[in-house]
Amino acid sequence: MRPPRNFYTQTFKRDAGMLSRVANSLYWMGRYLERAEHTSRLVNVELQLWLDQSPELGAGRWRFLLEALRAPAVEGAVDPTQLLNALVFSRANGSSIVSCVAAARENLRHVREQCSTRMWEQLNRLYLDVIDRRPGEEWILQSHDFFLSVLEGAYLFHGITDATMSHGEGWQFIQLGRYVERADTLTTLLETHFQRVTNHLEGPVEAAEYLEWVGLLGGCVALEAYCKAHTAEIRPLRVAEFLLLNPEFPHSIRFAVDRVNAALHLIGDLTQRSGKLPTRIAGRLRAQLSFSQIEEIMAEGIHAYLQNVRKECAEIHSAIHDIYFDYSVEAELAS
Amino acid sequence: MTASAVPSRIHLPPSFVNYQIDTAYDEMFASPGVPREHYRALHQTLLKLPPEELRRSQQAADLAFLHEGITFTVYGSKEGTERIFPNDLLPRIITAREWARIEKGLTQRLTALNLFLRDIYHEGRILSDKIVPRDLLYSCKHFRREMRGLNVPRDIYVSVCGTDLVRLPDGTFAVLEDNLRVPSGVSYMVANRKVLKRVFPTLFRDYGVWPIDHYPRELLSTLRTLAPDNCAYRQDPTTVLLTPGVSNSAYFEHTFLAQQMGIELVEGRDLLTHDNVVYMRTTAGLRRVDVIYRRVDDDFLDPLCFRPDSTLGVPGLFNAYRAGNVTLANAIGTGVADDKAVYAYVPEMIRYYLNEDAILPNVPTFLMSDDMHRQHVLSDLQNMVVKAVGESGGYGMLIGPQSTAQQREEFRVRVLADPRNYIAQPTLALSCAPCLIDGSVESRHIDLRPYILMGEKVTLVPGGLTRVALRKGSLVVNSSQGGGSKDTWVLREGAIGEDILEEMSKELTSLHSDVAQRFSMPDRTA
């Protein structure tokens, strides 16, 4: 008989580990779909705020949006139609919503036998829906529906995934991709935000900056949850705390890192690689976020703090890649 | 051929007005308007159902295929390369007696073919005894010298075979060709059944049809019995399905079979070899692979041994295979036995190895390398079907009666340039079966591809893929050439025509549990 491994693998599955290529595809599928979701949310919120603002102010916001999405900056005057085209439709921009949905679908298509039929159908439907739309002035006016349909399409996909796919290693890799991406994009969003809005972090927010903060919360679907926790009085410090350190809200950095950590632990158990690098970095980052106080972070400088979080996220990503997807065969054969 | 058709409008109800009966064997009708015994219940049902109802049922079935993504890829067309495999709703029915003969015939044939492959890659007795000409064999495109003297587990070269049968005008089944490399289509057999049970549940139950859903399980146990001798866990070898990838025409089938068997679906890049052992790269490290059900052609399996430009294969795979550390199913070099010129010798092989007469006859075949044969065929090209010996899937063939003078001239030049590469067969009137064409029942030509598994024993799942030439009058059933398929019902002994009621009540209990089990199972077909 085979040597006993740990309880889980002994009881439920003969062999540990799934194909690296498959794990890689599921991971990236999770990441791309999360990115499409994030971009939809931010662009949608911006478009809504745009209606409330004077044209001059609007131009500044667009630049901020590009930066928050790490999209290439635009020289000179910003043409909203063109810019939306780049963020939503452009196939040249690998991070546009359409590109992300297409990439998520392509990743799933290569591992279709690993997912349930319903999952594939839903992602395929979302894909067919987004590639069907055409950019233009008219589209912008109805864009709210479009962004909502992308968000709902993604929610539905994740719901179907939870309900119909075994919560085994493959599922964990989807979660891993999803939350690594979320931690990373949220961090970038907060970084750009705090670079622009540096004054008056202590007291209640001033009227001129009110929209910026509402926009930030809206971009993280956090406005309602924030109000529940801290009332409608927007205090920058509390917003920062909420989006960075809240353990319960799904679009906080801490929540995302908790999930990354949990997924890595389960995957580590399933593959007998629990002591490896990704788990260690994620554990360290999680501890940091769990025990940090927002006042301390502010005192030491939130920029440095966020920069560090982003660096750790990048390290987690490359460690996952090196340990699970593309490890050296020689080292593996030697062990 | 349609000249003798006499659609009798007086006897035929609306659904059947377009039904034509000609010289070909008709599966449903013994004579115009008189159904054969085993088709009577289906005939009755069709008479009762109004055409709109039939059309609606067909649409529902088409939708089911679309949603489950049961598709295949057509090569050489730019867009829309993923197509639904057209399904025809009306089942093709085979009686227990007919099936028993097919089963016996195919078992005999595959046994002989495996003995033949063992022989030609070892002593070559059949060549020394001049039963099969040596130069014919060695000039086969798919003959692999690398296989000489190599032993394969249980001496089984072909473990998965799909043989194409046609029914001649007198009602006998004959073998049109053997597919001994990587036969496909079995997933459609299972999918057709699943959809049909949804559309005609009562009719299906009343007929007493053998189930076929266990094919993936049988395939897996066949593959397992072929584990290499030195495999550490012979009862439970690590088995994988090797696919060329998403762009392959049969990719849907690969995912389907892997999922149904519960084995990994791997691509060449997932595998690597070290010290003549094959491993797959998993998140938990490298895992040794024992049996590979490969759906990749010989040429692409190992760039170090076969085509060096192949990116689908695994460098070093052949050496691991030769060392006996991994099993490939089917073995390498089986294509030599389904070469269309070698096909002509299969009845001789059966006599030579088994000392029996072939139960299922061949179709008359003319070898273009033979002067007499060639002259005969070239003088009568408009009545012949000419095929390239190494091709499959309906590519590279000429159908005389449906060809233009220019096409015939083209083939004449090709045949004369390379006679060894062509064979010809008289144009066969494939049997006809009722098909649902736009709400009315019409007859179309069909063939039958049963799937035969050979491991420790020979296993045939009672059924197969009945392929349909959906274009009126067409004789080409290949999916790449506008063909479709329909469900194939093999009836239980005495299920129809004898004491049906008694039989039914006996089976009811088992059927109920069968049905209950089916519905409690998760939806895994797609």
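Bear in mind the structure is a predicted one, so any value in this text is a computation, not a measurement.

Remarks on the overall build of chain A
- Each helix and strand counted, chain A has 17 helices and 0 strands in total.
- Computed over C-alpha atoms, the radius of gyration of chain A comes to 21 Å, within 12% of the 20 Å expected from 2.2 N^0.38 for 335 residues, which places it in the range of a compact globule.
- Its C-alpha atoms put chain A at 75 × 50 × 35 Å along the principal axes.
- Here chain A holds 335 residues, and the buried ones make up 42% of them.
- Pairs at least 24 apart in sequence give 72% of the contacts found in chain A among residues at least 6 apart.

Concerning the domain arrangement of chain B
Residues and elements named next belong to chain B.
- Examined at the domain level, chain B breaks down into domain 1 (10–228 + 326–362 + 428–520) and domain 2 (366–426).
- Contacts between the two partners involve 14 residues from domain 1, matched on the other side by 12 residues from domain 2.
- Residues belonging to the side of domain 1 that touches domain 2 are distributed by class as follows: 5 nonpolar, 6 polar and 3 charged.

Points about unusual backbone geometry
- Omega for the peptide link from Ala329(B) to Asn330(B) comes to -5°, which places this bond in the cis form.
- Mapped onto the secondary structure, Asn330(B) falls in the loop between strand S14 (327–329) and helix H11 (340–343).
- Its identity is not glycine, yet Arg70(A) carries a phi of approximately 55°, on the positive side.
- Mapping Arg70(A) onto the fold places it in the loop between helix H3 (55–68) and helix H4 (80–89).
- For Arg154(B), which is not a glycine, the phi torsion comes out positive at approximately 60°.
- For Arg154(B), the position within the fold is in the loop between helix H5 (134–138) and strand S6 (160–167).
- On the neighbour-count criterion, Arg154(B) (16 C-beta atoms within 10 Å) is partly exposed.

Quick look at helix H8 (residues 143–164) of chain A
All names here are of chain A.
- A rise of 1.5 Å per residue sets the reference length of H8, with its 22 residues, at 32 Å; its end C-alpha atoms lie 31 Å apart and thus fit the reference within 8%.
- Those residues of H8 that sit buried are Phe-147, Val-150, Gly-153, Ala-154, Phe-157 and Thr-161. Projected down its long axis, H8 shows its buried positions confined to an angular sector of 120°, all on one face. Within H8, the exposed residues directed more than 90 degrees away from the buried face are His-144, Asp-145, Leu-148, Glu-152, Tyr-155, Gly-159, Asp-162 and Ala-163.
- Buried residues along H8 sit in contact with helix H2 (20–52), helix H5 (97–109), helix H6 (117–132) and helix H9 (169–196).

Concerning the packing of H2(A) against helix H10 (residues 207–219) of chain A
All names here are of chain A.
- Contact geometry for H2 and H10: axes closest at 9 Å, N-to-C directions at 150°. If you check the angle between H2 and H10, you find them roughly antiparallel. In terms of crossing hand, the pair formed by H2 and H10 is right-handed. Contact with H2, carried on its side by Arg-41, Leu-42, Val-45, Leu-49 and Asp-52, involves Leu-211, Gly-215, Gly-218 and Gly-219 of H10 and no other residues of that element.
- In terms of residue class, the contact of H2 with H10 is built from 4 nonpolar, 3 polar and 2 charged.

Let's talk about the interface of chain A and chain B
- Residue-level contacts link 23 residues of chain A with 25 residues of chain B.
- Where the side of chain A that touches chain B is concerned, the elements lending two or more residues are H2, H6 and helix H17 (329–334) of chain A.
- Taken together, the residues that form the side of chain A that touches chain B break down as 8 nonpolar, 6 polar and 9 charged.

Rules of the game
Residues numbered from 1 in each chain as written. Chains lettered and ligands numbered in written order. Predicted model: local features only at pLDDT ≥ 70, side-chain atom pairs only at ≥ 80, totals over all residues. Helix = DSSP H or I, 4+ residues; strand = E, 2+ residues; numbered from the N terminus. Rg over C-alpha atoms; globule rule 2.2 N^0.38 Å. Buried ≥ 20, exposed ≤ 12 C-beta atoms within 10 Å, placed from the backbone. Contact = placed C-beta atoms within 7 Å. Domains from an automatic or database assignment. Nonpolar A, V, L, I, M, F, W, Y, C, P; charged D, E, K, R; others polar. Expected span 1.5 Å × (residues − 1). Arc of directions from axis to C-beta. Axes fitted to C-alpha atoms, helices over the stretch in contact; angles between N-to-C directions. Parallel < 35°, antiparallel > 145°, perpendicular 65-115°, else oblique. Left-handed = near helix turned anticlockwise from the far one by under 90°.

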